[in-house]
Amino acid sequence: PREGVVRSMFVAPPGWTFWAVDFAGIENIIVGFLAKSERYVRLSKLDMHSFFTAHVLCEIEKVITPGDVPQESWPDDQLQAALKDIKKRFPKQRQDNKPHIPGSNYMEGPGMLQETMLKDSKVIVPIKQLKRLQSFYFELFPEIRNWQRRVMGIDECSDYAEHEGAYQKGYLRTPFGNIHRYYDVLTHVKGPKGWELRPSTDAKRAVAFVPQSCGRFVLTRAAQRLPEDTKATLRLFIHDEMLGLCPERWLDTCLQTARAEMIRPVPELGGLVFPVESKHGVSWGDMRG
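Residues numbered from 1 in each chain as written. Predicted model: local features only at pLDDT ≥ 70, side-chain atom pairs only at ≥ 80, totals over all residues. Heavy atoms only, no water.

Our next topic: the overall build of the protein. Across its full length, the protein holds 14 helices and nine strands. The C-alpha atoms of the protein give a radius of gyration of 21 Å, which matches the 19 Å a tight globule of 289 residues would have. A separation threshold of at least 6 residues defines the contact pool for the protein, and within that pool the share at least 24 residues apart is 60%. Element-wise, carbon and sulfur atoms account for 54% of the exposed surface of the protein, whose accessible area totals about 15200 Å². (Helix = DSSP H or I, 4+ residues; strand = E, 2+ residues; numbered from the N terminus. Rg over C-alpha atoms; globule rule 2.2 N^0.38 Å. Contact = heavy atoms within 4.5 Å. Areas by Shrake-Rupley, 256 points an atom, 1.4 Å probe, with all protein chains shown as cover.)

For the rest of this paragraph, the subject is the pairing of strand 6 (residues 234-238). Two faces make up the sheet, and in a regular strand the side chains alternate between them. Alignment of strand 6 against strand 7 (residues 241-247), held across four bridges, turns out to be antiparallel. Within strand 7, the position partnered with L236 by the bridge is L243. (Pairing = 2+ DSSP bridges.)

The next thing to look at is the packing of aromatic side chains. For the coordinates displayed, the defined rule picks out 10 aromatic pairs. Ring plane angle 80 degrees and centroid distance 5.0 Å describe the contact between Y40 and F141, whose orientation is recorded as edge-to-face. Pair noted here: Y40 is in helix 3 (residues 38-46) and F141 is in the loop between helix 9 (127-140) and helix 10 (142-152), with a separation of 101 residues, a long-range link. Taking relative accessible area as the criterion, F141 reaches 0% and is therefore assigned buried. Grouping aromatic residues by their ring pairs yields a cluster made of Y40, F51, F52, F136, Y137, F138 and F141. The lysine or arginine in question, R145, covers the ring of F138, its NZ or CZ lying 3.9 Å from the ring centre. In this structure, K169 packs its charged tip against the face of Y171, placed 5.7 Å from the ring centre. (Phe/Tyr/Trp six-rings, centres within 6.5 Å; stacked < 30°, edge-to-face > 60°. Buried < 20%, exposed > 50% of the residue type's maximum accessible area, 1.4 Å probe, protein only. Lys NZ or Arg CZ within 6 Å of the ring centre and 35° of its normal.)

Turning our eyes to something else, we now look at the side chain of N28. Residue placement: N28 occurs in helix 2 (residues 26-34). Judged by relative accessible area, which is 10%, N28 ranks as buried. Leave out the neighbours within four places in its chain, and N28 touches Y40, S44, H49, I101 and N105.

The sheet built from five strands is open, its strands ordered 6-7-1-8-9 with antiparallel pairing. Of all strands in the sheet, those bounded by a partner on one side alone are strand 6 and strand 9 (286-288). With strand direction ignored, the average angle separating the axes of adjacent strands in the sheet is 25 degrees. Sheet analysis places strand 8 (residues 276-283) next to strand 9, joined by two bridges and oriented antiparallel. Considered in strand 9, the bridge of H280 is made with R288. (Axes fitted to C-alpha atoms, helices over the stretch in contact; angles between N-to-C directions.)

Moving on, we come to helix 9. In this model helix 9 runs 20 Å from its N-terminal to its C-terminal C-alpha over 14 residues, within 8% of the 20 Å that 1.5 Å per residue would give. Buried residues of helix 9: L130, L133, Q134, F136, Y137, F138 and L140, and no others. Check the buried side of helix 9 and you find it contacts helix 3, helix 4 (48-59), helix 6 (91-97), helix 7 (100-105), helix 8 (110-121) and helix 10. (Expected span 1.5 Å × (residues − 1).)

As a further point, take the nonpolar core. Counting 63 residues, the largest nonpolar core has W19, F141, I144, M242, L269 and F274 as its most contacted members. Looking at which element gives the most residues to this core, the answer is helix 12 (residues 203-224), with 11 residues. Ignoring anything within four residues of it in the chain, the contact list for I144 reads V31, A35, Y40, N105, Y137 and F138. (Core = buried A, V, L, I, M, F, W, Y, C linked by side-chain atoms within 4.5 Å.)

Moving on, we get to the confidence of the model for the protein. Looking at the protein, pLDDT values average 93 and 98% of them are 70 or higher. At the low end of the mean pLDDT range in the protein sits helix 1 (residues 2-8), at 76; at the high end sits helix 3, at 98. (pLDDT = per-residue confidence, 0-100.)

Okay, the pattern of salt bridges next. Taken as a whole and assessed by the stated rule, the structure comprises 19 salt bridges. When the shortest N-O distance is used, the salt bridge between R150 and E164 registers 3.1 Å. Here R150 is found in helix 10, whereas its partner E164 is found in the loop between helix 10 and helix 11 (166-169), with 14 residues between them in sequence. For R150, a relative accessible area of 14% translates into the label buried. The class of E164 is buried, set by a relative accessible area of 2%. The network of salt bridges with shared partners includes K36, R150 and E164. (Salt bridge = Lys/Arg side-chain N within 4 Å of Asp/Glu carboxyl O.)

This is the structure we're talking about:
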C-alpha cells in the first residue's frame with residue numbers, strides 16, 4: 001500500500017530507533033461507554049473485530065459451526081484466547097470486516113462502505129452483501145442504533161446528557177467540555193405513518209464527534225503528562241498513536257513512560273482504562289512489537 005511505501009522511507013540514523021505506542025480500539029470502547037453498553041466495552045477491549053468476524057463466519061458465511069463461535073459468557077482469558085485463534089485462522093476475513101464496525105458506528109451507508117473497501121482491498125463488494133453485513137452488525141449490537149438515535153435527538157434521553165440530543169440543543173458537549181454546534185441534524189419527512197424525524201446533513205458529524213474528540217483528547221493529555229525527556233522524542237500523532245524517535249539506549253524508558261501515561265484511568269469517561277500496544281524499529285515502515 002502507498003502508506004507503507006511512504007513510511008518505509010523514514011529510517012532512523014545509526015544508534016537511534018523509532019518507537020510507538022497506540023490505543024487498541026479506543027474509539028470503539030468510547031462508543032460502548034456512550035451507548036451505556038458494558039458488553040460492547042468489554043468486547044472492544046478484547047477484540048471486537050475478531051468477535052464480529054466469528055459471528056459473520058458462522059451466521060452468514062457458514063464457514064464455522066456455532067460451537068466454534070467465541071461466547072460472551074466465557075471468562076476474559078478464555079474468550080480472549082478464542083478471539084486470538086479467530087484472528088490467526090481468518091486474517092483476510094477479519095481485515096475485510098473491520099471497516100463495518102467504525103463505519104456502522106458513524107452511520108456510513110453501504111455505498112460509502114463499498115468505496116472505503118475498494119480503496120483498501122481493490123475489490124468491489126456488492127451493495128446487497130454490505131447491507132446484509134451492516135444489518136447483522138446492528139442485530140448483534142442494537143444498543144449502537146439506540147445511542148445514535150439519542151445523539152441525534154430522535155429518541156429523548158432518559159437521563160440528561162450533554163452529548164445527546166443535538167437536534168434539540170443545537171450543539172454537543174463532550175465529557176471533557178469541548179463543544180461543537182450543529183445546524184441540520186434532523187429533518188421532518190412525511191412517511192406512511194405521518195411526519196417523522198429523519199437524519200439530515202449534520203447527523204453523521206454529530207454521531208462521530210464525541211467518540212473521535214474524546215479519543216484525541218485522551219491521547220493528547222497523555223502526551224502532555226510525559227516526562228520532558230520522553231516528550232522531546234515525540235515526532236507525530238497518527239490517529240490513536242504516539243510516534244517518537246530516540247537513541248536506542250532510551251527505548252525502554254520511552255515505551256514504559258508512554259504506556260504508563262496512556263493506561264491511566266480517565267475520570268471523565270467513568271474511569272475507563274484503554275489497552276495499548278507498543279512497537280519499535282529502525283524504519284517507521286517496519287516496526288515490531
